[in-house]
Structures are given as structure tokens and as C-alpha cells.
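# Residue-level structural notes
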Amino acid sequence: MNKNMFASDNYSGVCPSAWQALAEANRGFARAYGDDDWTRRACNALRTFFETDCQIFFVFNGTAANSLALASLCRSYHSIICHELAHVETDECGASEFFSNGTKVLLVPGIAGKVDLEAVRHTVERRTDIHYPKPRVLSLTQATEVGSVYQPAEMAEIGALAKALHLKLHVDGARFANALASLHVTPAEISWRAGVDVLTFGGTKNGMPFGEAVVFFNPCLAEEFDYRCKQAGQLASKMRYLAAPWVGMLKDGSLLANAAHANAMARLLAERLVEIPSIRLIHPVEANAVFVQMPSALIDALHEAGWHFYTFIGTGHARFMCSWQTSAAEVEHFSAVVKQLASQHDR
Ligand SMILES: *Cc1c(COP(=O)(O)O)cnc(C)c1O
């Protein structure tokens, strides 16, 4: 068994339906830079998926999707409000600040990776003078960095707050499919109907080789976004290969099925791990991540046995990710390994 498989969902391969679509897209010639049928079909499939006439752009990765989307909402003297654990803040090397020419990111706390709404309100209202970077965007992550999911009621409340505070609403949806599969709601309900202006919709972690869709529900905000992508080196000349997996995975339903499977594997893993007395869950398992506290000796023993996973969220905290490719047998095997090592340490 591959001992890297629980490190991240982007350790997975390409799912069959994305691969199949790529093979079909590979027949012969097609127009370049997005002026092709695959890109048109992918945009139309996403419009159907979201039940609205949105503007869609395909870029190579999530950092580009987030930072270019945010830059398109902001001027350099604005600010972006996000959770202190947000990928935008912690894992994008300052790309949002860079592409927006210096827009400041303001951090708010919140339990289970979700922004605390009072803290958002305070961040906006504590200053109204010209010396403070003008709050302009609220950026959320759905599913969150710690594997929780904003409920439809929470999204509606956040949308209303953003509107009241005159903030645009951005959602980092690197795992948006996992959130949808978890909530059993329509994509519209937790996006534009809740007031989301721009969604960065992740494909890579859900079975595509690469590619994220930037979805503008507010078309005015998409103005000149194509230039932004080009200047940032994100306009693929062979765009059909970024677009085709979306066509394939939306058509046969694997986009949601993959996410539902990853979520189910995470729930199974969580169930097994909490059977071990020295392990406890530190965040609700609502998507495809399992965050646990376990003795550091057990973490060391797993690492020594060759298992690769991340512990960047504090000592004694480990993160295990499941993907479309994780099987129940692999979860059972890994759980048995953890159980066995834990019992050695308890002795
Ligand atoms: C993985 C991830 C991204 C995208 O990261 P890239 O490595 O740039 O593709 C964005 N947001 C979140 C929350 C992620 O987990």
C-alpha cells in the first residue's frame, strides 16, 4: 500500500472520467486559448450545474484562481477579510497581495475553520477613517481548511452580513464538491443564492489532473479577467485540456460522486481512529479531512513506519485526507496499523 495516500487529496491520480474526456479532447485539432468547443461545453455545463448565467474561466491551480479572483475584486488600498487558517493567507505565498498590488489581508478567528461573524463585523466597523485599508471582500473556504462545512443557513447569514457591510463575497472552493456532497444541497443554494460573487471551484483535488474554474456570479466583476489571467501566465493555449475534465465529470456525475466517496472514506477513517483510546477528533468530519489529536510518540512511530501525513496544525495534531481514489480496504488497513502501533505505545 502507498504510504503517502493520506497526506493530501492532491496525492491522488486522475479519475477515469477525467482521463476519458482528455482522451476525447485529444483527437485532432482545436482552436487555442479557450476559443474551442470543449471550453464552451465546460462553461455551459457549469452554467447548468449552477442554474445561472455565470462567467467562467479555467486556470491551472488554486493559488492562481484565488489570487486572481480576489485581485479582480480589489484595489490596492482595499482589504480582504479571511479566516486566520485560510489557504489565501497561509499557503499562497502572498499571491493575493501580489496580484492586487498590495491589498492587505485582514485575519479573523473562528471555531472549526469558519469565520466568526462578529469578528468580521468588528474588523469592518472598528475603523472608518482613511488611514485603514478599506474592507472590500470577505473570503471563505468551503469546505474549510479543517474539514468542516458551512451549512446553507450559515451561508445565507454570511451573505446577508456581507451585503450589509458592503463586502463582496469570495469562496475558495478547492473542496467545494466535497461540501456539496456533504450537504446534499444544490450548488446554487450555497453559492449565488447565498450572495456569493465569485467562487473558485477546485477540480484538481477531486480527480482532475489540474485545473480550477473561476466562476463569477456577478458578471460585472469578471470584466477584463481574461487579461488578468493572460498577464499572470494562466491563459492556457491548449485550453481544451483544462476544460475537458469538467465536461466529462459533470456529464457522468463523477464530480459529486468522487467527492461523496472521499467524504465517506474520511467518515470511515474517523470512526476507526476514535476506537483507539489515545486518539480524539479535533474537528467535525464533514468533508474529506480527519484531524486528530494523538500522542506524539504515536505520530513518530507512524512516521518511522514510513507513513507520510501532515502535522502542521500544532503538536499532537495530525491531518489525514481522503480522496476519490482512497478505498475502504486501504482505510481499514491503515486504521489497523495505527491501532497496532497505539497498543504498543500504551503498553
Ligand atoms: C489545495 C487548496 C488550494 C489550491 O492550491 P494550489 O496548490 O495552488 O492548487 C486552495 N485552497 C485550499 C483551501 C486548498 O486546500
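Shown above is the structure to which this text applies.
The following refers to the structure shown. (Residues numbered from 1 in each chain as written. Predicted model: local features only at pLDDT ≥ 70, side-chain atom pairs only at ≥ 80, totals over all residues. Heavy atoms only, no water.)

### A short note on the pairing of strand β10 (residues 317-321)
This is how the line gets drawn: Three labels apply to residues, based on accessible area from a 1.4 Å probe with only protein chains included: buried if under 20% of the type maximum, exposed if over 50%, partly exposed otherwise in between. Going along the chain from the N terminus, every DSSP run of H or I of four or more residues is numbered as a helix, and every run of E of two or more is numbered as a strand.
Burial analysis of β10 places 5 of its 5 residues in the buried class, which makes it a mostly covered element. What you see with β10 is no split at all: His317, Arg319 and Met321 on one side and Ala318 and Phe320 on the other are buried throughout.

### What about the sheet that holds strand β9 (residues 289-293)?
Counted only if it meets this: Two strands form a pair only when DSSP identifies at least two bridges running between them. Any two residues having at least one pair of non-hydrogen atoms within 4.5 Å are treated as being in contact. Inter-axis angles, ranging from 0 to 180 degrees, are taken between N-to-C directions of lines fitted to C-alpha atoms, where helices are fitted over the stretch in contact.
Taken together, 3 strands build an open sheet; the order of strands is β8-β9-β10 and the sheet is antiparallel. For this open sheet the edge positions go to β8 (280-281) and β10, each flanked by a neighbour on one side alone. By the bridge criterion, 2 bridges tie β8 to β9 in an arrangement that is antiparallel. By the bridge assignment, Arg280 is partnered in β9 with Gln293. Across the sheet, helix α11 (residues 254-273) lies against β8, β9 and β10, angled at about 20° from β9, the strand it touches most.

### Brief notes about the sheet that holds strand β2 (residues 78-83)
Sheets are built from strands that pair by backbone hydrogen bonding, the pairs being arranged parallel or antiparallel. The sheet built from 7 strands is open, its strands ordered β1-β7-β6-β5-β4-β2-β3 with mixed pairing. Of all strands in the sheet, those with a lone pairing partner are β1 (55-59) and β3 (104-108), marking the two edges. Taken pair by pair, the neighbouring strands of this sheet meet at an average axis angle of 20°, ignoring direction. As paired elements, strand β6 (residues 198-202) and strand β7 (residues 212-216) share 5 bridges and run antiparallel to each other. Note on β7: the bridge partner recorded for Thr200 is Val214. Set on the sheet, helix α10 (residues 240-251) makes contact with β1, β6 and β7; between it and β1 the angle comes to about 120°.

### Observations regarding the site of the ligand
Test applied: The cutoff for a nearby residue is simple: one of its non-hydrogen atoms must lie within 4 Å of the molecule or strand. Any pair of nitrogen or oxygen atoms within 3.5 Å is treated as a polar contact; in protein, a donor-acceptor pairing is required on top of that, and neighbouring residues in sequence qualify only through side-chain atoms on both sides. A cavity here means a set of points on a 1 Å grid, drawn over the protein atoms and nothing else, where a 1.4 Å probe fits but cannot get out; a pocket is an open set with protein on both sides within 12 Å along at least five of seven lines, and a residue lines either one if it has an atom within 4 Å of a point. Each molecule is checked against the cavity or pocket grid, and it sits inside if more than half of its atoms lie within 2 Å of the grid points. Side-chain classes follow a simple rule in which Ala, Val, Leu, Ile, Met, Phe, Trp, Tyr, Cys and Pro form the nonpolar group, Asp, Glu, Lys and Arg form the charged group, and the remainder, Gly included, forms the polar group.
Every residue lining the ligand is accounted for by Asn61, Gly62, Thr63, Asn66, His87, Glu92, Thr141, Glu145, Asp172, Ala174, Arg175 and Lys205. At 2.6 Å from a nitrogen atom of the ligand is found a side-chain nitrogen or oxygen belonging to Asp172. Contacts to the ligand include Arg175, whose side-chain N or O atom sits 3.1 Å from an oxygen atom. Put simply, the ligand lies in the largest pocket. With 3 residues, helix α3 (residues 62-73) is the single largest residue contributor to the shell around the ligand. Residues of the shell around the ligand, tallied by class, amount to 1 nonpolar, 6 polar and 5 charged.

### Thoughts on the pattern of salt bridges
The cut-off we apply is this: Throughout this description, the term salt bridge denotes a Lys or Arg side-chain nitrogen within 4 Å of a carboxyl oxygen of Asp or Glu.
Taken as a whole and judged by the stated rule, the model has 11 salt bridges. Its salt-bridge partner being Arg40, residue Asp37 comes within 3.3 Å of it at the nearest N-O pair. Of the two residues, Asp37 and Arg40 are both situated in helix α2 (residues 37-50); the distance of 3 residues between them amounts to about one turn of the helix. In this structure Arg40 comes out as partly exposed when scored by relative accessible area, which is 41%. In the salt-bridge network here, residues are joined through shared partners; they are Arg31, Asp35, Asp37 and Arg40.

### Some details on unusual backbone geometry
Residue Ala143 is bonded to the preceding Gln142 through a cis peptide linkage, with omega at -10°. Looking at the element boundaries, Ala143 is found in the loop between β4 (134-141) and α7 (152-164). Phi is positive for Glu51, which is not a glycine, with a value near 55°. In this structure, Glu51 sits in the loop between α2 and β1. On the accessibility criterion, Glu51 (45% relative accessible area) is partly exposed. Phi is positive for Ala112, close to 55°, though the residue is something other than glycine.

Keep in mind that these numbers describe shape and distance, not what the molecule does.
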